[in-house]
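Chain residues, written in single-letter form:
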Amino acid sequence: MGRPIIKHYFFALVFANVLVNHIKGINLVTNATQTNELEMPFSPEIEQSLCKDLSLTLAKFPKVRLGHLPTPLEPMDRLSEKLGGPRLWVKRDDCTGLSSGGNKTRKLEFLMADAQSKGADTIITQGATQSNHARQTTAAAAKLGMECHILLEDRTGSNDQSYILNGNVLLNRLHGASVSKRSGGTDMNAEMQDFADDLIEKGKNPYIIPGGGSNAIGALGYVNCARELTEQASEIGLKIDSLVHATGSAGTQAGLVAGLAAIKSNIHLLGIGVRASKDKQEQMVFDLAQKTADYLGTGIKIEREKVRAICDYVGPGYGLPTNGMIKAVKLLAQTEGLLFDPVYSGKGLDGLIDQIKKGYFAGMDNVVFLHTGGSAALFGYPETFELPGYAN
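Remember, it's a predicted structure, so these values are computed and weren't measured experimentally.

1. Describing the pattern of salt bridges
Counted under the stated rule, the structure contains 17 salt bridges. In this structure, Glu74 and Arg92 form a salt bridge, with 3.0 Å as the shortest nitrogen-oxygen distance. Taken as a pair, Glu74 in strand S1 (residues 73–75) and Arg92 in strand S2 (residues 87–92) lie far apart in primary sequence, 18 residues in all. Of the residues examined, Glu74 reaches a relative accessible area of 30% and is grouped as partly exposed. Linking Arg106 and Glu228 is a salt bridge whose minimum nitrogen-to-oxygen distance equals 2.8 Å. Pair noted here: Arg106 is in helix H4 (residues 104–117) and Glu228 is in helix H9 (residues 216–235), with a separation of 122 residues, a long-range link. Linked by salt bridges that have partners in common, Lys91, Asp93, Arg106 and Glu228 make up one network.

Here's what the structure looks like:
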């Protein structure tokens, strides 16, 4: 009778050992996946499933519809042929619809909803003189019946009347906002808080939006854009190798970094800096991407190496024209019929074009440029492009 018992006991031990090792194997794979130790192969099905999950996560946050979404994704074949690199595409966030469109509309959908949830009746924000963010904020406030105050920092020192009164500045006033100036180097966050304190004393309930709409709430707009772009590409069978955009106040890039991480996308994201140095820009984006991931509450881990910025195209300073920007804006206007702005997207384009020529995208087939809008700012720079007068 002893031998059968020993035999059964032996097989039970073997089975238990196999089971334990199997469970350990599953845990190892799971942990490796969670820490990105194993690269996930490109799988449209997995990406689409993760996109749906991300959409459900974003639905938990207050949002007011302000934009025409999704924005178009279009090829730029004439430009591609001229440059001779990968096939170029443009994500048309200049078509978001709010006061001539732009990237800030996506951020404002979440920011203005947050303001409403807090019972705000007044919006305060800041930016540079020809701020696209300020223009879209004034339009959003007008649409939602809220008072709006804009504080503009003079970052260029220009007294040209077109620059200080036309373009976005004209539209700010047309939307009914009050517009006031501050000298360059002013602590704009402190200025907004002082302005808000004065309004509170007068019985108002102000809501402060940071420059560029760049905080964890605003960045949700570009978490959503990462999902939207991935779904669009999947619908037309397009595998995007790289997504390029201008980066400044960090909110757009931070949102994209967090969004692409959430759907485990292999898209190579590259920001072209328009203001800060490379180290400073990347650190700002990384910090905000982490805050955005934490705000989402899904346990997304942001990898520092996924935050990339090339900041060689700023020129003499923010808002100051460069020859590369001028050539890029003219090129896109005359090959693709697209208008880009001289402060932000124009310098981003300059970077994209130059990096194509330098071979940065070698081996890539499809590169998307995110058009962040801002063509209204062109009217603040009428002499910059040295355009001909009337023909005979």
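Once you've had a look at it, read on.
2. Some points on helix H12 (residues 323–335)
Between its first and last C-alpha, H12 extends 18 Å over 13 residues, near the 18 Å set by a 1.5 Å rise per residue. Every buried residue belonging to H12 is among Met325, Ile326, Ala328, Val329, Leu331, Leu332 and Thr335, and all of these are buried. Looking at the buried positions of H12, the neighbouring elements they touch are helix H3 (77–83) and helix H13 (345–357). Downstream of H12 by one or two residues, Gly337 has phi in the positive range, about 70°.

3. With respect to the packing of aromatic side chains
All chains considered together, the criterion is met by four aromatic pairs. Seen in terms of ring centroids, Tyr360 and Phe361 are 4.9 Å apart; in terms of plane orientation they differ by 70°. Their pairing is edge-to-face. Since its relative accessible area comes to 29%, Tyr360 is described here as partly exposed. Phe361 gets classed as buried once you look at its relative accessible area, which sits at 2%. Above the face of the Tyr318 ring, Arg155 is positioned so that its terminal group lies 4.9 Å from the ring centre.

4. Some words on the packing of helix H2 (residues 44–58) against H9
In contact at an axis separation of 10 Å, H2 and H9 are set at 150° when each is read in the N-to-C sense. Relative to H9, the element H2 lies roughly antiparallel. Relative to H9, the crossing made by H2 is left-handed. Mapping the contact onto sequence places Glu47, Gln48, Cys51, Leu54, Ser55 and Leu58 in H2 and Leu220, Val223, Asn224, Arg227, Thr230, Glu231 and Ser234 in H9. Of the residues belonging to the contact of H2 with H9, the class tally is five nonpolar, five polar and three charged.

5. Re the packing of H4 against helix H5 (residues 132–143)
Viewed as axis vectors pointing N to C, H4 and H5 meet at an angle of 45°, and their least axial separation amounts to 10 Å. Between H4 and H5, the crossing angle belongs to the class labelled oblique. Of the two elements, H4 crosses H5, and the hand of that crossing is right-handed. Facing H4, whose interface residues are Lys104, Thr105, Leu108 and Met112, H5 presents Asn132, His133, Gln136, Thr137, Ala140 and Ala141. Tallied by class, residues from the contact of H4 with H5 come to four nonpolar, five polar and one charged.

6. A look at the nonpolar core
With 62 residues, the main nonpolar core has Met112, Ile123, Tyr207, Leu243, Leu256 and Ile302 as its most contacted residues. With eight residues, H9 is the largest single contributor of residues to this core. Among all residues touching Met112, those that are not within four sequence positions of it are Val64, Leu66, Ile123, Ala140, Ala141, Leu144, Met146 and Ile209. Val244, Tyr313, Met325 and Leu331 belong to the second largest nonpolar core, which has 28 residues in total.

7. Digging into the sheet that holds S2
Strand order in the open sheet formed by six strands is S1-S2-S10-S7-S8-S9, and the pairing between neighbours is mixed. Looking at strand neighbours, the two that pair on one side only are S1 and strand S9 (309–310), the edges of this open sheet. When strand S8 (residues 268–273) meets S9, the two strands line up parallel, connected through two bridges. Bridge assignment links Ile272 to a residue of S9, and that residue is Ile310. Relative to strand S10 (residues 366–371), H13 is tilted by about 165°, and along the sheet it contacts S2, strand S7 (242–247), S8, S9 and S10.

8. Re the sheet that holds strand S6 (residues 206–209)
Sheet architecture is open: four strands sit in the order S5-S4-S3-S6, paired in parallel fashion. The open sheet has two edge strands with one neighbour each: strand S5 (178–182) and S6. Between one strand and the next, the sheet's axes are offset by a mean angle of 20°, whatever the strand orientation. In terms of strand pairing, strand S4 (residues 147–153) meets S5 through five bridges, oriented parallel. Bridge pairing in S5 places His149 opposite Ser178. Lying on the sheet, H4 is in contact with strand S3 (122–128) and S6; it crosses S6 at an angle near 155°.

Rules used in this analysis
- Residues numbered from 1 in each chain as written.
- Predicted model: local features only at pLDDT ≥ 70, side-chain atom pairs only at ≥ 80, totals over all residues.
- Heavy atoms only, no water.
- Salt bridge = Lys/Arg side-chain N within 4 Å of Asp/Glu carboxyl O.
- Helix = DSSP H or I, 4+ residues; strand = E, 2+ residues; numbered from the N terminus.
- Buried < 20%, exposed > 50% of the residue type's maximum accessible area, 1.4 Å probe, protein only.
- Expected span 1.5 Å × (residues − 1).
- Contact = heavy atoms within 4.5 Å.
- Phe/Tyr/Trp six-rings, centres within 6.5 Å; stacked < 30°, edge-to-face > 60°.
- Lys NZ or Arg CZ within 6 Å of the ring centre and 35° of its normal.
- Axes fitted to C-alpha atoms, helices over the stretch in contact; angles between N-to-C directions.
- Parallel < 35°, antiparallel > 145°, perpendicular 65-115°, else oblique.
- Left-handed = near helix turned anticlockwise from the far one by under 90°.
- Nonpolar A, V, L, I, M, F, W, Y, C, P; charged D, E, K, R; others polar.
- Core = buried A, V, L, I, M, F, W, Y, C linked by side-chain atoms within 4.5 Å.
- Pairing = 2+ DSSP bridges.

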